[in-house]
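Here are the chains, one letter per residue:
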Amino acid sequence: MELLQLRYFCALAESQHLSNTAKKLMIAPPSLSLTISKLEAELGVKLFNREKRTIYLNENGRLFYSKIKQSLELMDDAVREMNEIRHQTDNTIRIALTSPLIWNQFFQEFQLSYPDIRLDSTVISLDELNSSDFKYDFFMGNGWDINESGWTIERLGKLETTLLLVSKLHPYAARKTIAVDELKNETFITLGDDNPTTDYFVQKLCGAYGFKPKRIIKANYFTRISHLKQNDGVVLISDLGFSKHFINDGTIHKIKVNDTKYRRYQTIAWKDNAVHSKACAKFLNIVLDYYRNV
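Undergrad: How would you explain the overall build of the protein if you had to name every residue and give the values?
TA: Tallying secondary structure elements over the protein gives ten helices and 13 strands in all. In terms of C-alpha radius of gyration, the protein reaches 26 Å, well past the compact-globule figure of 19 Å for 294 residues. Residues counted as buried form 43% of the 294 residues belonging to the protein. Carbon and sulfur atoms form 51% of the exposed surface of the protein, whose accessible area is close to 16500 Å².

Okay, structure coming up:
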């Protein structure tokens, strides 16, 4: 008798619908049916009654489910407790990021000062960030990107200023400031999958002022600069993002955007129910102190 058989049995016992359960488990219905049949053969009793296209627990099945479900929950609790103990003594900190270049300098300085703590950073999508199955110790990134409840959030640094980057060939190249409403007919250049928050930023900023972007070019970190210099479109970015991502060689002009509705800010955030290790607590204190003095 295998653990997987028991988990499949419990899933089918709870839904009592073969096709739906198989879909949820991401297996074929015949495979699920065969697994249950093998389990019944090992036990020597039938657990389900089958009538035409329906399947439901019989008395044996209900008794078996009550015992097995409790056993699986106890086992899962035991594994969870062992993981918590491991995390409390683990010196690896798992960090989710959406804009990795912003944090490079801090991470490098931290690792030089605290070589005993390992930073394991991963670039994730916004869907992963707002998933109920968030598996990292911390998220470091824009606070506007967090849509779900159940987070503790600490702001790092000041509110960022929104900038519009244009080619020197663009009609706005002589401007010092611009209103968001003036961008309704612009083509925006974002980073696509390389940094999904850039696309999200454009959508949210324009939406805050009541319009949708007319056109978006999805580039990467290298082609974005080429598109910008060739006057294919404009880039919306924060002053922090500009300082980390661009070296201005005189071919790009930056304009302050008069934005009062959607100014970005960077944060460190973690799930309220997270169990943090001593290393995590130390890391958090250092992050807060570092950005308090920046």
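Undergrad: I'd like a description of the sheet that holds strand β11 (residues 235–238), backed by residues and values.
TA: Spatially, β8-β12-β7-β11 is the arrangement adopted by the four strands of the open sheet, whose pairing is mixed. Both outer strands of the open sheet, β8 (177–179) and β11, are each paired with one neighbouring strand and no more. Direction aside, neighbouring strands of the sheet carry axes that sit 40° apart on average. By the bridge criterion, five bridges tie strand β7 (residues 162–167) to strand β12 (residues 252–258) in an arrangement that is antiparallel. Bridging from a neighbouring strand, Leu163 pairs with Lys256 of β12. Here helix α7 (residues 196–208) sits on the sheet and contacts β7 and β11; the angle it forms with β11, its principal contact strand, is near 95°.

Undergrad: Please set out the pairing of strand β10 (residues 215–218) residue by residue, giving values where relevant.
TA: Summarising the sheet, strand β9 (residues 187–190) and β10 pair through four bridges and their orientation is parallel. If you follow Thr187 over to β10, its bridge partner there is Arg215. The handedness of the β9 to β10 crossover, carried by α7, is right-handed.

Undergrad: Could you give me a rundown of the pattern of salt bridges, with the residues and numbers involved?
TA: Counting across every chain of the model gives eight salt bridges. Ionic pairing is found between Glu40 and Lys46, a salt bridge with its closest N-O pair at 3.9 Å. You can call Glu40 buried: its relative accessible area is 3%. Looking at Lys46, the relative accessible area reads 52%, which means it is exposed. A salt bridge links Arg94 to Asp137; its shortest N-O distance comes to 3.3 Å. With Arg94 in strand β3 (residues 92–97) and Asp137 in the loop between α6 (126–129) and β5 (138–142), the pair connects residues that are 43 residues apart, well separated along the chain. Each member of the pair Arg94 and Asp137 is classed as buried. Through salt bridges with shared partners, a single network forms among Glu40, Lys46 and Arg50.

Cut-offs and rules
- Residues numbered from 1 in each chain as written.
- Predicted model: local features only at pLDDT ≥ 70, side-chain atom pairs only at ≥ 80, totals over all residues.
- Heavy atoms only, no water.
- Helix = DSSP H or I, 4+ residues; strand = E, 2+ residues; numbered from the N terminus.
- Rg over C-alpha atoms; globule rule 2.2 N^0.38 Å.
- Buried < 20%, exposed > 50% of the residue type's maximum accessible area, 1.4 Å probe, protein only.
- Areas by Shrake-Rupley, 256 points an atom, 1.4 Å probe, with all protein chains shown as cover.
- Pairing = 2+ DSSP bridges.
- Axes fitted to C-alpha atoms, helices over the stretch in contact; angles between N-to-C directions.
- Contact = heavy atoms within 4.5 Å.
- Right-handed = clockwise from strand over helix to strand, strands pointing away.
- Salt bridge = Lys/Arg side-chain N within 4 Å of Asp/Glu carboxyl O.

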